[in-house]
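# Structure assessment
Spelled out from the first residue to the last, the chains are:
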Number of protein chains: 4
Amino acid sequence: MPVAKVHRISAAAPDDVSGIEAAIASGAIAPAGIRAIFGKTEGNGCVNDFSRGFAVQSLQLLLRRHLDDAAADAVCLVMSGGTEGGMAPHWLVFERAEGPEASAPGAAALAIGSAHTADLPADQLGRMGQVAQVAQAVGRAMADAGITRPEDVHFVQVKCPLLTLPRIAQARAGGAEVATTDTLKSMGLSRGASALGIAVALGEIGMDRITDAAVCADLDLWSGRASCSSGIELVGHEVVVLGMSAAWSGPLAIDHAVMGDAIDVAPVRAALARLGADADTLTTPADTPLVALLAKAEASRSGRIRGHRHTMLDDSDISSTRHARAFVAGALAGLVGRTEIYVSGGAEHQGPDGGGPVALVVRRAEPT
Amino acid sequence: MPVAKVHRISAAAPDDVSGIEAAIASGAIAPAGIRAIFGKTEGNGCVNDFSRGFAVQSLQLLLRRHLDDAAADAVCLVMSGGTEGGMAPHWLVFERAEGPEASAPGAAALAIGSAHTADLPADQLGRMGQVAQVAQAVGRAMADAGITRPEDVHFVQVKCPLLTLPRIAQARAGGAEVATTDTLKSMGLSRGASALGIAVALGEIGMDRITDAAVCADLDLWSGRASCSSGIELVGHEVVVLGMSAAWSGPLAIDHAVMGDAIDVAPVRAALARLGADADTLTTPADTPLVALLAKAEASRSGRIRGHRHTMLDDSDISSTRHARAFVAGALAGLVGRTEIYVSGGAEHQGPDGGGPVALVVRRAEPT
Amino acid sequence: MPVAKVHRISAAAPDDVSGIEAAIASGAIAPAGIRAIFGKTEGNGCVNDFSRGFAVQSLQLLLRRHLDDAAADAVCLVMSGGTEGGMAPHWLVFERAEGPEASAPGAAALAIGSAHTADLPADQLGRMGQVAQVAQAVGRAMADAGITRPEDVHFVQVKCPLLTLPRIAQARAGGAEVATTDTLKSMGLSRGASALGIAVALGEIGMDRITDAAVCADLDLWSGRASCSSGIELVGHEVVVLGMSAAWSGPLAIDHAVMGDAIDVAPVRAALARLGADADTLTTPADTPLVALLAKAEASRSGRIRGHRHTMLDDSDISSTRHARAFVAGALAGLVGRTEIYVSGGAEHQGPDGGGPVALVVRRAEPT
Amino acid sequence: MPVAKVHRISAAAPDDVSGIEAAIASGAIAPAGIRAIFGKTEGNGCVNDFSRGFAVQSLQLLLRRHLDDAAADAVCLVMSGGTEGGMAPHWLVFERAEGPEASAPGAAALAIGSAHTADLPADQLGRMGQVAQVAQAVGRAMADAGITRPEDVHFVQVKCPLLTLPRIAQARAGGAEVATTDTLKSMGLSRGASALGIAVALGEIGMDRITDAAVCADLDLWSGRASCSSGIELVGHEVVVLGMSAAWSGPLAIDHAVMGDAIDVAPVRAALARLGADADTLTTPADTPLVALLAKAEASRSGRIRGHRHTMLDDSDISSTRHARAFVAGALAGLVGRTEIYVSGGAEHQGPDGGGPVALVVRRAEPT
């Protein structure tokens, strides 16, 4: 029976894969079982964040030292730039191993699935074409994970492309018109359309409610389980689904919460409690049951948090995505007592305006 | 018997004093009683943060509409730049009013005192001369507040100067040598020396343990109640002391906590409990017992938080003080459910490395 | 006969008006003759640049020390934020004095005129309403300057408003829809529509060629004499026209050039030659015939300069307007040998894409 | 007889080595002859600029596709981060080829030499140990180039290391004390000590005039031919010497100029004239005789340029190195009519305070 393993490994730099290499050398990780690697890298998380591409190139070199090209290419590499505030750069290696049957019939455990898409035409970025392409890929990733019910999915990570000036020029040369010529804005549109695709796949929103114009505009449309990062280093999508499945066994479990705004930690506290982990006891780095925390953060477009003004959208020196990551990471790190958490910026259609989904992977004391 | 009032008023811009003006117009604030105004303004909080000077100019114009020049000049104006993350720009107006006797003999309430110093010679900035000057001023401010025991002081705010290139040139022209020619670094030295002065005045550190070389170097020396902000708009110091005194009455009380690192919110939770306020019930903006939260934040020089690396000191695009304010503000706002909090950067000798003091002013249900 | 005077005065900070005060004290400036003050202030030149508002408030206080309220309010105050690279913060005080008749009949000299507009409705910002409002005001300013032929106008400065989140919310509350909800983008739209208004007034473009959709989109539409700065500190427009008029006398003359791209200094060199000033001899700060240089700079949308890629539009850490100001200021300061020049960012419809207008005021050896 | 070739190749991203690959494929570059590759990459040029490491990794992968490991490792890779303003990211590939004898006996042509050093102990960074290590390596690089007279050297590029928090911790663990714990400051110290090493090797300064304390402090000590870049990706030094030698033939020639301040382009114009290239005719990208321009830029510590204040050192949002690169690049690009130039920041001891060396490689119409 498959068992999902999640390895959280510190990174000293975007190209520091030595911790993963050591885990492989020690046998803790079997390279052939690696399904995905998420990286929280220390760039600016915006258009010219080369820490992501540098990390991807370094990971690909690592994988090729242990796998053939086809197997290496099949691993989803999802880099999220930006460790503002006190966040710690780290890798999350998702592995599918083989283990014993579940201890109880029908007991569920963490399950992992993934899928890639074809290249996205530049003129479909931020539009219905992207929504549909992502929705379809989420379905394939669920099937890969052996999850049939949408409610058993607690986290969907999509890595999506962005527009650069050369890509825009190429599209125009071919007679196509892109959704925006602002490269920073294209990152938001791509994340937004991807999140809507996830929401469609999980049954949170009907495809009929979505239009090109709604992308990044109709903030009432959102998924509570979507996490999307855009990066310059790919032109298609990589999709990873995490959920609970009775077809998998092992000690890990996952649940999720939706923060209603940037400081709304109560739902996260409640989700931890559902998983048997008490936030007030998570303060010891070693031996904590909390394996991974993955969250989305963004500045509310209303310009307000619980009635008080914020200045994130008016700051021309620091992107609002950087402000929001630092701030929400503070709120979550203060709750769980650890800074090696994965808070990703740009939460368009990922949770309500100014809030965002949070997924929690814990190690249960009594594996099922 | 004097009664301390603390008015927290939102600001729409650095020069937006309309909320204070309205409070004066309505009679909520009596201009003659204003002892100090703290401002959390929305600049970068570093050398070229003109939001502070703009706010000071605007407040001085406001005060002169209601007070004569001497009375207006006597009000301590302490601006702390930087509302990174979701922090809300706001004013804290500290007023001394007259009220009834305390309900119980010997019962204490919030007390306010203040003092100014002479201009600091540029070559004494960040050195023993500044330490001694501030220590003496804190004593005067305590006397002004009617506080005799150092343990009754819970918060000392010092606004201190910084070095600019013209000031450095002027000092050199006079044959003096300054502690640093790096203007950003001078802000830290000035805050550090001021904090050591507070620690001396409160008996936390003996003056004999402090040397020029220890300023911003010996991180074992710190005050748990100091808050220092440096600004380009003054060349002396303004000192405000907040504490508990039986010579004052009214519903307000103050206590403090010391965060051991950037995510150490447990002591703040405990201090709130001591004041009769439960962090978990502070989520409603209106009618909250929490009147004001004042904290210091900084990036730990160790480069780590609970063993995990942070990147704040390696980021050449965003000052570490901006990162730290955003992150710690997130941790504290997540705890108290409000973003109109006063988190100030640059915590040299203000709490342990990477941590910092937090003062809490609450409105008690049953005034003493 | 009126004589135009232009006083270039260094500023040590956004609120440093001491140089102007000294010039008034010495009699060099007669306060009643001040028609406009331009300021190159040292903020970020973007949305949250409070150096502009701080400068305006400081200048208004200065003017009120010498003029009554109505006269002080009539002075156009145009602050352009951003002294990136080596630019020097400074004021340009434009004064109308009385002088002798021109030395030769029909000889022309520098002439100054100005006009204000009513408040611009937020929903007209970046649209035809703004174009028309500005065009009309330019006509009034020309009349004020005694200039009848558009070809005698060499520089039109318009200070225009921007959208802030509160202004957007207010417009929406009133049922109006704004052109953008991106506050930084609103600055560009406002500058662009204002520049088109100038082009219409100067006969460079027919009003029939302009539509709402063309603003900041159809880059073939531009004025070679427009300079527009947007700022948070006003909600209407201030217009200043500089040109040559036989109705004015004195030693000053003005001409202009249009840079075709960010490094196209040859037309500026040619304009200097037309004015009798040789670029190669302008290297001595004192006694230079060059009184003022006013230019616009921006990153070309093509992403290229003479075929080579630039990275200004892909940099998420520094606004492209800041990059462009620093770079173009370098090109121009290298040409004229001085850093106290006025290079303003955001050149939408102000010169061709990536280039911009440059106005030059020189003191002629032989006044007409 | 050896012939030096310099290939200037545009880069679309830090890892875009496709242009070099194409030049190899076409036969324009023979991989075995590559001695050094300089890269102007588009990061922030400061501590956390990962564009440099990403470029190095990409170039190493490229070289290994054509050379064995030892040969690939022998190529000096010198990345300078920061293309602020309108600078264009590009590679400069320096190749040693074989060609005919010089057309005239004793005629000189561009010559290239290089050398590596051992790892620099962290506690010697910014100190005499680094000065001596670099001076020795410059001598070896000159010998490699066949240049015997120091006056025939026109450009020495040194790539030097910086301190990171881990390196500092490691040094301290070994009982050593580093020159600074400020990582950004360590970049300057490393560049400064390297430049002094170059000056010693070229006979510009006697070793006896240099002390640990003089590094980055005594600005009267400088080299007019040094260019130093510090980067996180190496712990030793890479040295490349360019000069004129009668032992080499070919059409390329090199000369240098020293800018006295950030806008002092006259000496560059003169150097171009000495090389037979007229600045006013360099405006056509194709077919220009100017092959490469390499310069250093920095903000003057005096805070002034020709008497006027600059704000580069007071800006806490943008590093002064970024301001200076943008500004000086503007001045030089305005002169030579091209943005694909190599302006590197941090000019400690590289030219006088606020100025810097400029090297020019041109293709002569009549090869010697």
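In this text the structure is predicted, and so the values were computed from the model without any measurement.

### What about the overall build of chain A?
Summing up its helical and strand segments, chain A has 8 helices and 14 strands in all. A compact globule built from 368 residues should have a C-alpha radius of gyration of about 21 Å, and chain A, at 19 Å, falls within 12% of that. Principal axes of the C-alpha set define a box for chain A whose edges measure 55 × 50 × 40 Å. Out of the 368 residues in chain A, the part that is buried amounts to 67%. Counted over contacts in chain A with a minimum sequence separation of 6, partners at least 24 positions apart contribute 83%. By element, 53% of the accessible surface of chain A is carried by carbon and sulfur atoms, the whole surface being about 11300 Å².

### Brief notes about the packing of helix α2 (residues 50–64) of chain A against helix α2 (residues 50–64) of chain D
Where α2(A) contacts α2(D), the two axes come as close as 9 Å, and the packing angle between them is 35°. For α2(A) against α2(D), the interelement crossing comes out left-handed. Between α2(A) and α2(D), the contacting residues are A:F50, A:S51, A:G53, A:F54, A:Q57, A:S58 and A:L61 on the first element and D:F50, D:S51, D:G53, D:F54, D:Q57, D:S58 and D:L61 on the second. Tallied by class, residues from the contact of α2(A) with α2(D) come to 6 nonpolar, 8 polar and no charged.

### Looking at the relation of the copies chain C and chain B
Least-squares fitting of chain C to chain B yields an RMSD of 0.0 Å, with the transformation described by 0.0 Å of translation along the axis and a rotation of 180°. The transformation just described matches what one would write down for a two-fold rotation axis. Residue C:F54, judged by its C-alpha, is the member of chain C lying nearest the rotation axis, at 2.7 Å. When the interface residues of chain C are mapped onto chain B, 100% of them again lie at the interface, so the same face is used by both copies.

### Regarding the UniProt feature "binding site: Mg(2+)" (unreviewed entry) in chain A
All names here are of chain A. Summarizing the sequence annotation, UniProt attributes the feature "binding site: Mg(2+)" (unreviewed entry) to E298, A347, Q350, G351, P352 and G355 in the numbering used throughout. Considering the C-alpha atoms alone, the annotated residues occupy 58 residues of sequence yet fold into one spot, their largest mutual distance being 9.8 Å. Its location among the elements puts G351 in the loop between β13 (342–345) and β14 (356–363). What G351 contacts, discounting residues up to four positions off in sequence, is W222, S223, V258, G356 and P357. With respect to the helices and strands, G355 occurs in the loop between β13 and β14. Here G355 falls in the buried class, since its relative accessible area comes to 3%.

### Some remarks on helix α1 (residues 18–25) of chain C
Residue and element names in this part refer to chain C. Within the span of α1, buried status applies to I20, A23 and I24. The buried residues of α1 occupy an angular sector of 100° when the element is viewed end-on, so they sit on one face. One or two steps after α1, the chain reaches G27, where phi turns positive at roughly 90°.

### Side note on the interface of chain B and chain A
How big an interface is tends to be stated in terms of accessible area lost as the parts join. Across the boundary between the two partners, chain B contributes 41 residues, which contact 41 residues of chain A. Buried surface at the junction of chain B and chain A, both sides included, amounts to about 3000 Å², of which 57% is carbon and sulfur. It is B:H308, B:R309 and B:F327 that lose the most area in chain B upon contact with chain A, and together they represent 22% of the buried surface on that side. Summed over the shared surface of chain B and chain A, the result is 4 salt bridges. Where chain B packs against chain A, one counts 16 residue pairs in polar contact (both at pLDDT 80 or more).

### Quick notes on the packing of helix α4 (residues 128–145) of chain D against helix α6 (residues 183–201) of chain D
Residue and element names in this part refer to chain D. It is the contact of α4 with α6, at a shortest axis distance of 7 Å, that shows an interaxial angle of 45°. Considering the angle they form, α4 stands oblique to α6. Our pair here, α4 against α6, has a crossing hand that is right-handed. Contacts between α4 and α6 involve Q130, V131, V134, A135 and V138 on the former and, on the latter, L189, S190, A193, S194, L196, G197, I198, V200 and A201. A class-by-class count of the residues in the contact of α4 with α6 yields 10 nonpolar, 4 polar and no charged.

So, how was this worked out
- Residues numbered from 1 in each chain as written.
- Chains lettered and ligands numbered in written order.
- Predicted model: local features only at pLDDT ≥ 70, side-chain atom pairs only at ≥ 80, totals over all residues.
- Heavy atoms only, no water.
- Helix = DSSP H or I, 4+ residues; strand = E, 2+ residues; numbered from the N terminus.
- Rg over C-alpha atoms; globule rule 2.2 N^0.38 Å.
- Buried < 20%, exposed > 50% of the residue type's maximum accessible area, 1.4 Å probe, protein only.
- Contact = heavy atoms within 4.5 Å.
- Areas by Shrake-Rupley, 256 points an atom, 1.4 Å probe, with all protein chains shown as cover.
- Axes fitted to C-alpha atoms, helices over the stretch in contact; angles between N-to-C directions.
- Left-handed = near helix turned anticlockwise from the far one by under 90°.
- Nonpolar A, V, L, I, M, F, W, Y, C, P; charged D, E, K, R; others polar.
- Least-squares fit on C-alpha atoms with pLDDT ≥ 70 in both.
- UniProt positions renumbered as here; feature names shortened; annotations may be inferred.
- Arc of directions from axis to C-beta.
- Buried area = accessible area lost by both parts, 1.4 Å probe.
- Salt bridge = Lys/Arg side-chain N within 4 Å of Asp/Glu carboxyl O.
- Polar contact = N/O pair within 3.5 Å; in protein donor to acceptor, adjacent residues only side chain to side chain.
- Parallel < 35°, antiparallel > 145°, perpendicular 65-115°, else oblique.

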